[in-house]
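# A closer look at the structure
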Amino acid sequence: MSWWQIILHWDWASVGKSALGAGLGTGAVGGLLLFLRDRRRQRSLAAYMALRLAVLLEAYAARCAEVVCGNAHVPHPSETELIQRDTTLPELPRYPEDLDGWRAIDAILTGRCLMFRNKLRSSQGIIDGMIAHDRGILHSRFSGLAAEHGLEAWQLAAALRHRHGIETADPLWDYAKQLKRMLEETQKTHGPEKRD
């Protein structure tokens, strides 16, 4: 029997099914590998962006703690002297301008990060209003707002780290504890901040 006669006697339906199955199997495995590679890249991108934001927010929290502690240690002047305390919230550094990174991190945490800057602007407006109208409670309210925002920045950084599997921060100075204590002291003195 010649080679062409052998080919004619093949079960072409089985050959077709085998070829189709092999093609689909190869395509499925290739597609799965691409999906896994993209997912891994996305997770890596999200973790890196979350780490960048967490470090930035932790630095902001530390700066808030420094301002609160600095104001607490200003000497008390006589009644005729002006108190030289800080009344400006620390400036939040610019966030990274990485669109792919922003899209990769958790959407709820993205919203919280973006809204945080607006909260700081609103609080600074409240402080500036107190400077003009109610200097009597300005410094304790300022310390309360600075502590509140510093603590919020710390908690947001912790949430970013947790959600994206990054190890927790381990600062030399436990400024989150300092911020909590200052916030509790302010709330004991003046009650919790009222939000509209």
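Residues numbered from 1 in each chain as written. Predicted model: local features only at pLDDT ≥ 70, side-chain atom pairs only at ≥ 80, totals over all residues. Heavy atoms only, no water.

Going through the model one piece at a time under the given rule, you end up with seven salt bridges. Arg63 serves as the salt-bridge partner of Glu66, at 3.4 Å between the closest nitrogen and oxygen. Taken together, the positions of Glu66 and Arg63, both in helix α2 (residues 12–72) and three residues apart, correspond to about one turn of that helix. With relative accessibility at 43%, the residue Glu66 sits in the partly exposed group. Judged by relative accessible area, which is 39%, Arg63 ranks as partly exposed. A salt bridge links Asp106 to Arg163, with the nearest nitrogen and oxygen atoms 3.4 Å apart. Of this pair, Asp106 sits in the loop between α3 (99–104) and α4 (107–133) while Arg163 sits in helix α5 (residues 135–163), and the two are 57 residues apart along the sequence. (Salt bridge = Lys/Arg side-chain N within 4 Å of Asp/Glu carboxyl O. Helix = DSSP H or I, 4+ residues; strand = E, 2+ residues; numbered from the N terminus. Buried < 20%, exposed > 50% of the residue type's maximum accessible area, 1.4 Å probe, protein only.)

Mapped onto the elements, Cys64 comes out in helix α2. For the pair formed by Cys64 and Glu91, sequence separation is 27 residues and the distance between their alpha carbons is 9.5 Å. Apart from the residues within four sequence positions on either side, Cys64 is in contact with Pro90, Ala146, Gly150 and Leu179. (Contact = heavy atoms within 4.5 Å.)

What follows deals with the nonpolar core. Counting 42 residues, the largest nonpolar core has Leu57 and Tyr95 as the members making the most contacts within it. Secondary-structure elements contributing two or more residues to this core are α2, α3, α4, α5 and α6 (175–190). The greatest single-element share of this core, amounting to 15 residues, is contributed by α2. In this structure, Leu57 is in contact with Leu92, Tyr95, Cys113, Phe116, Ala153, Leu156, Ala157 and Leu160, ignoring residues within four places of it in sequence. (Core = buried A, V, L, I, M, F, W, Y, C linked by side-chain atoms within 4.5 Å.)

As for its position among the elements, Ser123 is in helix α4. The buried category is assigned to Ser123, whose relative accessible area is 2%. For Ser123, the side chain forms a polar contact with the side chain of His149, separated by 2.5 Å. (Polar contact = N/O pair within 3.5 Å; in protein donor to acceptor, adjacent residues only side chain to side chain.)

Let us now look at the side chain of Glu58. Relative to the elements of secondary structure, Glu58 occurs in helix α2. Polar side-chain contacts of Glu58 include one of 2.7 Å to the side chain of Arg161. Excluding anything up to four places from it in sequence, Glu58 contacts Trp154, Ala157, Arg161, Ala169 and Tyr175.

On to the packing of aromatic side chains. Taken as a whole and assessed by the stated rule, the structure comprises two aromatic pairs. Residues Tyr60 and Phe116 carry aromatic rings whose centres are separated by 5.8 Å and whose planes lie at 85 degrees to one another, so their mutual orientation is edge-to-face. Within this pair, whereas Tyr60 is found in helix α2, its partner Phe116 is found in helix α4, the two being separated by 56 residues in sequence. The exposure class of Phe116 is buried, given its relative accessible area of 0%. On the basis of an interplanar angle of 70 degrees and a centroid distance of 5.5 Å, the ring pair of Tyr95 and Trp102 is categorised as edge-to-face. Comparing Tyr95 with Trp102, the two get one shared label, buried. (Phe/Tyr/Trp six-rings, centres within 6.5 Å; stacked < 30°, edge-to-face > 60°.)

Turning our attention to the confidence of the model for the protein. Chain-level pLDDT for the protein is 79 on average; 68% of the residues reach the 70-or-more range. No element of the protein has a lower mean pLDDT than helix α1 (residues 3–8), at 62, and none a higher one than α3, at 91. Counted against residues more than four places away or in other chains, residues 78–82, with its pLDDT under 50, gives one contact. (pLDDT = per-residue confidence, 0-100.)

With that settled, the discussion passes to the environment of Ile126. Residue placement: Ile126 occurs in helix α4. With 15 residues separating them in the primary sequence, Ile126 and Arg141 have C-alpha atoms 9.6 Å apart.

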